[in-house]
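# Summary of structural features
So you can see what is in the structure, the chains are spelled out below.
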Amino acid sequence: MQVTIEAMGAAGDGIATAPDGNRLYLPYTLPGEAVRPDGPIVLSPSPERVAPPCPHFGPCGGCVLQHWAIPPYADWKRARLAEALSRAGFPDAPVAPTRVTPPATRRRADLAVRRRPDGSVVLGFHARGGAAVEDLSTCHVLDPALVALFEPLRTLLRGLPAFRREGSAVLNLLDSGPDLLLRLDGPPGVADRATLAAFAARHGLPRIAGGPLKGQGTETLAQLGPVSIAFAGASVAPPPGAFLQATPQGEAAIVEAVLDGLPKLTGKARIVELHAGLGTLSFPLAAKARVIAYEGAPEAVAALDAAARRGGAKIQAVRRDLVRQPLSVKELEGHAALVLDPPFAGAAEQIPALAKSTLSRVIYVSCNPVALARDAKLLHAAGFRVQQATPVDQFLWSAQLEAVVVFARGK
Ligand SMILES: C[S@@+](CC[C@H](N)C(=O)[O-])C[C@H]1O[C@@H](n2cnc3c(N)ncnc32)[C@H](O)[C@@H]1O
């Protein structure tokens, strides 16, 4: 049987129609290619096909689209944002070209680690759709400073009693150096701590934290110096494993699109920000207006609050679970703009009050086009238009799509 790839699906697979009418989703194929679905085997390669740069492409689930040239790949991401907004009622939304992140810049990695029966260690990303872990020798998306830790981490874990069979190593590349959070299946003892302190000293890690493989909570296991990352010049001390925008370039593109989306602000203007995290957006926003920043994770709020106080930034950081207790219409009133950057699930609980309020500017930072389309539909019904939409490709060669969408209503 031979089929032709008609389009790319949301997970990055080529879509074709089988002779019996069934839809086929075929990985590692491209639009226009004639394909034998078993395999799949590409019979006529697309002119857009390129040689994947990474030897792990295929078995590693981290990337699914390394075989596609960047310009059509970036256009596909842009078209997906346009489609999501069209589904929400904005068929003519102005969608900017995709801001693509360069290779070797990702500063955050959640690596799976496994111990083989012979004691050696597998470290890498999960295989696509499976529990297996691809043992990585290199990675073309991660910052080289993190890739350089792969082999030392394997050696470390091999001799670490707290690591029995499985765990994860969360690496955040901060301004102060790599920050490591080990989630392991055994309790760390005195010997583990001494080993970790020596590792931190040898490889320039100011801090190593630990936590249970399943469940919350972390504890510092070795600390050799302060940890810090700067947002708009403000130095924040992130908790272990904290959320960071995936790349500095992605962060810069998001910040730029958010600031560009602000209305003209008067001297007394106030901005309300939801899902503020460590303050990636709060600090740049605070250079423009007074900011009230809501965030659910207590450690993030504490880090944001401490940095704002230290630097005298005009930010009031408030801990709040915005799913259980979304802001009321009354709380939303009186702000020149609302900026929200929800997790993958979107902001379904918050949108009704937002729609009912008199807010005239909503800047939505999204990491999930499906949730964005659902939330944007309610904003459309409430009289908002899309002033600008910017796709941001922070997860190079993946099917993920981030975006900043500026909604406005009134004059
Ligand atoms: C995509 S991150 C954005 C963080 C920040 N804006 C940034 O750019 O770094 C989403 C944030 O939403 C927070 N969050 C998740 N669920 C939440 C909830 N129910 N209530 C409040 N905040 C929540 C997370 O802790 C995280 O900081």
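Residues numbered from 1 in each chain as written. Predicted model: local features only at pLDDT ≥ 70, side-chain atom pairs only at ≥ 80, totals over all residues.

The number of helices and strands found in the protein is 10 helices and 22 strands. By the compact-globule yardstick of 22 Å for 411 residues, the protein fits well, its C-alpha radius of gyration being 23 Å. Expressed as a percentage of its 411 residues, the buried residues of the protein come to 46%. Put simply, 63% of the contacts in the protein that link residues at least 6 apart link residues at least 24 apart. (Helix = DSSP H or I, 4+ residues; strand = E, 2+ residues; numbered from the N terminus. Rg over C-alpha atoms; globule rule 2.2 N^0.38 Å. Buried ≥ 20, exposed ≤ 12 C-beta atoms within 10 Å, placed from the backbone. Contact = placed C-beta atoms within 7 Å.)

Per the domain assignment, the segments making up the protein are domain 1 (1-49), domain 2 (72-102 + 232-236 + 242-408) and domain 3 (108-228). Using C-alpha coordinates to define each centre, domain 1 is positioned 38 Å away from domain 3. (Domains from an automatic or database assignment.)

Low-confidence regions, as indicated by low pLDDT, have predicted coordinates that should not be scrutinised in detail. Averaged over all residues, the pLDDT of the protein is 97; the fraction at 70 or higher stands at 100%. Taken together, the chains of this predicted complex give a pTM of 0.97 and an interface ipTM of 0.99. (pLDDT = per-residue confidence, 0-100.)

Attention now moves to the sheet that holds strand β13 (residues 219-223). Pairing within the open sheet is mixed, and its 6 strands lie in the order β9-β8-β10-β11-β12-β13. Each edge of the open sheet carries a strand with a single partner, namely β9 (121-124) and β13. Sheet twist, expressed as the mean angle between neighbouring strand axes with direction ignored, is 20°. As judged from the 4 bridges shared by strand β12 (residues 207-212) and β13, these two strands associate in the antiparallel manner. (Pairing = 2+ DSSP bridges. Axes fitted to C-alpha atoms, helices over the stretch in contact; angles between N-to-C directions.)

Before going further, it helps to spend a moment on the environment of Pro40. Mapped onto the elements of the fold, Pro40 is located in the loop between β5 (34-36) and β6 (41-44). Spatially, the C-alpha atom of Pro40 lies 8.0 Å from that of Tyr28, the residues being 12 residues apart in sequence. Excluding residues within four positions of it along the chain, Pro40 makes contact with Leu26, Thr29 and Val35.

Side-chain direction in a regular strand flips from residue to residue, so the side chains alternate between the two faces of the sheet. Most of strand β22 (residues 402-408) sits out of view: 6 of its 7 residues are buried. Pairing between strand β20 (residues 361-366) and β22: 6 bridges, direction antiparallel. Within β22, the residue paired with Ser366 across the bridge is Ala403.

Glancing now at the UniProt feature "binding site: S-adenosyl-L-methionine" (unreviewed entry) in the protein. Under the local residue numbering, the UniProt record ascribes the feature "binding site: S-adenosyl-L-methionine" (unreviewed entry) to Gln245, Glu295 and Asp341. Among the structural elements, Gln245 can be located in the loop between β15 (234-236) and α5 (248-260). Given 25 C-beta atoms within a 10 Å radius, Gln245 is considered buried. Here Gln245 is in contact with Gly250, Glu251, Ile254, Thr280 and Gln394, once residues within four sequence places are set aside. (UniProt positions renumbered as here; feature names shortened; annotations may be inferred.)

This next bit is on the site of the ligand. Within the structure, the ligand sits among 18 residues, and His275, Gly277, Thr280, Gly296 and Asp341 are positioned closest to it. Split into classes, the residues belonging to the shell around the ligand amount to 10 nonpolar, 5 polar and 3 charged. (Near = placed C-beta within 6 Å. Nonpolar A, V, L, I, M, F, W, Y, C, P; charged D, E, K, R; others polar.)

If you check UniProt for "active site" (unreviewed entry), the listed places come out as Cys367 in our numbering. With respect to the helices and strands, the residue Cys367 is situated in the loop between β20 and α10 (369-381). By C-beta crowding, Cys367 is classed as buried, having 20 other C-beta atoms within 10 Å. If we skip the residues at most four places from it in the chain, Cys367 touches Phe344 and Glu402.

We now examine the sheet that holds strand β3 (residues 14-17). Spatial strand order, β2-β3-β4: 3 strands in an open sheet with antiparallel pairing. What marks the edges here is a single partner per strand, and that holds for β2 (7-8) and β4 (23-26). As defined by bridge partners, β2 adjoins β3 across 2 bridges and the pair is classed as antiparallel. Counterpart to Ala7 in the pairing with β3 is Ile15.

Both strand β17 (residues 290-295) and strand β18 (residues 315-319) contribute to a ladder of 5 bridges, which runs parallel. Within the sheet, the bridge partner assigned to Glu295 lies in β18 and is Arg319. For the handedness criterion, the β-α-β arrangement of β17, helix α7 (residues 298-311) and β18 is classed as right-handed. (Right-handed = clockwise from strand over helix to strand, strands pointing away.)

Turning our attention to unusual backbone geometry. In this structure, the amide linkage connecting Gly39 to the following residue, Pro40, adopts the cis form with an omega of -10°. Unlike most non-glycine residues, Tyr28 shows phi in positive territory, near 60°. With respect to the helices and strands, the residue Tyr28 is situated in the loop between β4 and β5. Although it is not a glycine, Ala232 adopts a positive phi angle of roughly 50°. The residue Ala232 is located in the loop between β14 (229-231) and β15 in this model.

With respect to the element layout, Ala307 can be found in helix α7. When sequence neighbours within four positions are dropped, the list of residues in contact with Ala307 reads Ala234, Ser235, Val236 and Gly279.

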